[in-house]
Amino acid sequence: MTSTTPAGRSQRSRLSRLIRELWFQVVLAAVLGIAVGILAPGLGEDLKPLNDWFIALVKMIVIPVVFCVVTTGIASMDNLRKAGRIGMKAIGYFLVLSLASMLIGLVVANIFQPGSGLHVDPSSLNAGDVPKTATEHATFTGFISSLIPASLLGAITGDAILAALMVSIVFGAALNMAGEEGAPLTRGIKALSDVVFRIVGWVMRLAPLGTFGALATVVATYGAESLKQLGYLIILFTATCVIYVLVVLGAIMRACRLSLFGLIRFLKAELLVALSTCSSEAVLPQLVRKLEILGIGRPVVGIVIPSGFSFNLDGSAVYLTMASLFLAQAMGIDLSWQQQLIMVGVMMLTSKGTAGIAGGAFIVLASTVTAVGHIPLAALSLIVGIDRILNEGRVFINVLGNAVATIVIGKWENDFDTEQARKVLHSRTTTPPQAELDTTKVGADK
């Protein structure tokens with residue numbers, strides 16, 4: 001009896017620890033959400049507010065996280081030139097990866113021809129099926145205007161990430177140049193950062209509820225009917241996303257001498273939340289926290305992650321070229337390589353102007369279709385029903401790709417604790433509670 005009791009207690013202890021893990025709660029909520037969507041579709045559609053409320057709570061805390069991390073990171077720099085150097089390296093990396101992602105999608109769509117054989121009659125398409133938001137095309141002047149807030153404090157209390165990022169950089173640089181006179185304010189913002197990250201922890205505990213509501217609604221709304229004709233595109237896009245992660249991101253992580261699967265395991269809760277809610281912003285605050293625990297300096301994390309969530313959307317880039325060619329093939333339109341490359345060039349511009357816009361990739365696709373003019377806008381109605389499903393792969397790569405980008409820029413800037421990262425990534429256990437409590441100190445001391 002005495003020999004079995006400790007074993008039983010140990011087993012119950014492991015089970016209780018597993019139940020307390022956020023990623024396990026998210027997986028369990030996802031399974032329950034899918035079951036509700038299949039068995040009780042009416043109830044599933046009514047659960048949509050759960051996901052909307054969770055996303056709203058996260059967006060409530062995103063801007064304060066960006067402001068605290070970026071401002072304190074730049075204010076504590078010994079050399080202000082470092083901020084500009086980090087930004088330039090990040091933009092260069094983002095452009096290269098975005099172009100590579102689009103070319104990969106282009107090659108895959110040309111080889112496998114997912115849309116050929118559909119023979120869709122343009123006159124049979126209903127442009128009314130295309131969401132009105134897709135007609136709100138992004139422009140360069142609109143993008144620049146979005147960077148300039150109505151007021152200094154308005155950027156901090158608003159919901160535009162790029163405007164908040166710009167104000168945070170300017171505010172941090174001013175504090176840095178103020179020296180001792182600005183030191184009390186810098187310390188106050190660091191203290192505010194501790195409070196903000198504590199709120200982040202509370203909000204993330206609600207992620208299972210958001211996951212449950214999101215998947216129950218999706219399954220109830222779309223079901224299997226929308227997958228019959230377009231299943232090949234979904235399978236092909238999913239396979240391309242998997243290969244992209246393993247080959248492209250895997251090669252980058254090998255060059256950094258770190259484990260890609262270790263990083264995925266370390267970020268499993270954030271990736272699962274992003275997958276289930278189809279929102280990159282839903283994990284931005286927690287991703288910032290985790291990357292600092294990984295050993296990356298706060299200045300690098302603070303600049304790369306917010307800008308990456310606006311400029312480094314590799315999953316969306318793969319989707320844009322694949323979806324465009326799918327539509328052309330479905331309509332029987334033969335695009336030459338010159339036309340395809342022009343389309344990629346337009347996408348490289350329009351995709352940088354939809355930061356913070358819900359369904360941004362779909363809006364970019366509509367903008368490109370209109371600008372290039374080879375495909376009727378009504379053709380977008382073919383993929384409206386499965387866009388939410390395709391968004392799964394886009395969001396997963398966007399989140400993981402930005403984590404990898406931060407590691408690359410951190411190593412490039414010599415602001416990265418490689419030994420700490422290897423210790424964290426090779427650990428089979430969860431992040432120590434003490435490490436989470438000391439997150440703000442990790443970034444501030446670098």
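Treat the numbers as computed from the prediction; the structure is a model and nothing was measured. All chains use their own residue numbering, which begins from 1 and follows the written sequence. Note on the predicted model: pLDDT of at least 70 is required for a residue's local features to be given, and 80 or more for side-chain atom pairs to be given and counted; whole-chain, interface and lining totals, by contrast, use all residues. Processing note: side-chain calculations cover all non-hydrogen atoms of the structure and skip hydrogens and water entirely.

UniProt positions are given in the numbering used here, feature names are shortened, and annotations may be inferred rather than shown by experiment. Per the UniProt entry, the sites bearing "transmembrane region" (unreviewed entry) are residues 22-41, 53-78, 90-112, 160-178, 199-224, 230-252 and 357-384 in this numbering. In residues 22-41, helix accounts for 95% and strand for 0%; the two terminal C-alpha atoms are 26 Å from one another. Helix and strand labels come from DSSP, where a helix needs a run of H or I of at least four residues and a strand needs a run of E of at least two; each type is numbered from the N terminus. The span residues 53-78 is 88% helical and 0% strand by assignment, and the distance between its end C-alpha atoms comes to 41 Å.

Looking now at the environment of G297. Examined against the element boundaries, G297 turns out to sit in the loop between α14 (284-294) and α15 (298-311). On the basis of relative accessibility, which here comes to 0%, the residue G297 falls in the buried class. Relative accessibility decides the category of a residue: with a 1.4 Å probe and only protein chains considered, values under 20% of the type maximum give buried, values over 50% give exposed, and everything between is partly exposed.

Next up on the list: helix α19 (residues 387-412). For α19, built from 26 residues, the straight-helix expectation of 38 Å at 1.5 Å per residue is met to within 8% by its first-to-last C-alpha distance of 36 Å. Most of α19 is tucked away: 22 of the 26 residues are buried. With its phi angle positive at about 55 degrees, N414 sits one or two positions after the end of α19. To estimate how far a helix should reach, multiply one less than its number of residues by 1.5 Å.

Although it is not a glycine, Q113 sits at a positive phi angle of roughly 50 degrees. Relative to the helices and strands, Q113 resides in the loop between α5 (81-112) and α6 (140-147). A positive phi angle, close to 55 degrees, is found at N414, a residue other than glycine. Along the chain, the position of N414 falls in the loop between α19 and α20 (418-425). Exposure remark for N414: the relative accessible area of 72% places this residue in the exposed category.

This part is about helix α4 (residues 48-75). The terminal C-alpha atoms of α4, which comprises 28 residues, lie 41 Å apart, in line with the 40 Å expected from a rise of 1.5 Å per residue. The reported bend at a residue is simply the angle between two axes, fitted to the 7 residues ending at it and to the 7 residues beginning with it. Taken as a whole, α4 carries its principal kink of about 25 degrees at I61; the proline P64 stands between one and four residues after it.

On to the packing of α4 against α14, then. Remark: α4 packs on α14, axes separated minimally by 8 Å, with the N-to-C direction vectors making an angle of 40 degrees. In terms of orientation, α4 lies oblique with respect to α14. Residues V58, I61, V62, V65, V66 and V69 of α4 touch α14, and the partners they reach there are L284, P285, V288 and E292. Ten residues, namely Ala, Val, Leu, Ile, Met, Phe, Trp, Tyr, Cys and Pro, are considered nonpolar, four, namely Asp, Glu, Lys and Arg, are considered charged, and the remaining ones, Gly among them, are considered polar. In terms of residue class, the contact of α4 with α14 is made up of 9 nonpolar, no polar and 1 charged. Axes here mean lines fitted to C-alpha atoms, for a helix over just the part in contact, with angles spanning 0 to 180 degrees between N-to-C directions. Oblique is the label for any angle not under 35 degrees, not over 145, and not in the 65 to 115 range, which are roughly parallel, roughly antiparallel and roughly perpendicular in turn. In what follows, residue pairs with any heavy atoms lying within 4.5 Å of each other are defined as contacts.

Attention shifts here to the nonpolar core. Think of a nonpolar core as a cluster: buried Ala, Val, Leu, Ile, Met, Phe, Trp, Tyr and Cys residues, connected wherever their side-chain atoms sit within 4.5 Å. Within the largest apolar cluster, 119 residues are counted, with the highest numbers of intra-cluster contacts made by F54, Y93, L263, L294, Y319, I383 and I407. Here the element with the most residues in this core is α4; it accounts for 14 residues. If we ignore the near neighbours within four places in the chain, the residues touching I407 are M253, C256, L258, L263, L294, I296 and F416.

Criterion for a salt bridge: a side-chain nitrogen of Lys or Arg within 4 Å of a carboxyl oxygen of Asp or Glu. Applying the stated criterion across every chain, the model contains 7 salt bridges. In this structure, K82 and D415 form a salt bridge, with 3.0 Å as the shortest nitrogen-oxygen distance. Linking K82 in helix α5 with D415 in the loop between α19 and α20, this pair joins segments that are 333 residues apart in sequence. The residues K82 and D415 share a single accessibility class, namely buried. Here K290 and E270 are joined by a salt bridge, their closest N and O atoms 3.0 Å apart. Linking K290 in helix α14 with E270 in helix α13 (residues 268-277), this pair joins segments that are 20 residues apart in sequence. Relative accessible area serves as the criterion here: at 8%, K290 is assigned to the buried category. When salt bridges that share partners are traced, they join R85, K89 and E413 into one network.

Attention shifts here to the packing of α5 against α19. The geometry of α5 relative to α19 is characterised by a closest axis approach of 10 Å and an angle of 135 degrees between their N-to-C directions. Accordingly, the angle class assigned to the pair α5 and α19 is oblique. Where α5 crosses over α19, the handedness of that crossing is right-handed. For the pair α5 and α19, the contacting residues are I86, K89, A90, Y93 and F94 in the first and N402, V404, A405, V408, I409 and W412 in the second. The class makeup of the residues in the contact of α5 with α19 is 9 nonpolar, 1 polar and 1 charged. Working rule for handedness: look at the near helix, and if it is turned counterclockwise from the far one by less than a right angle, call the crossing left-handed; if clockwise, right-handed.

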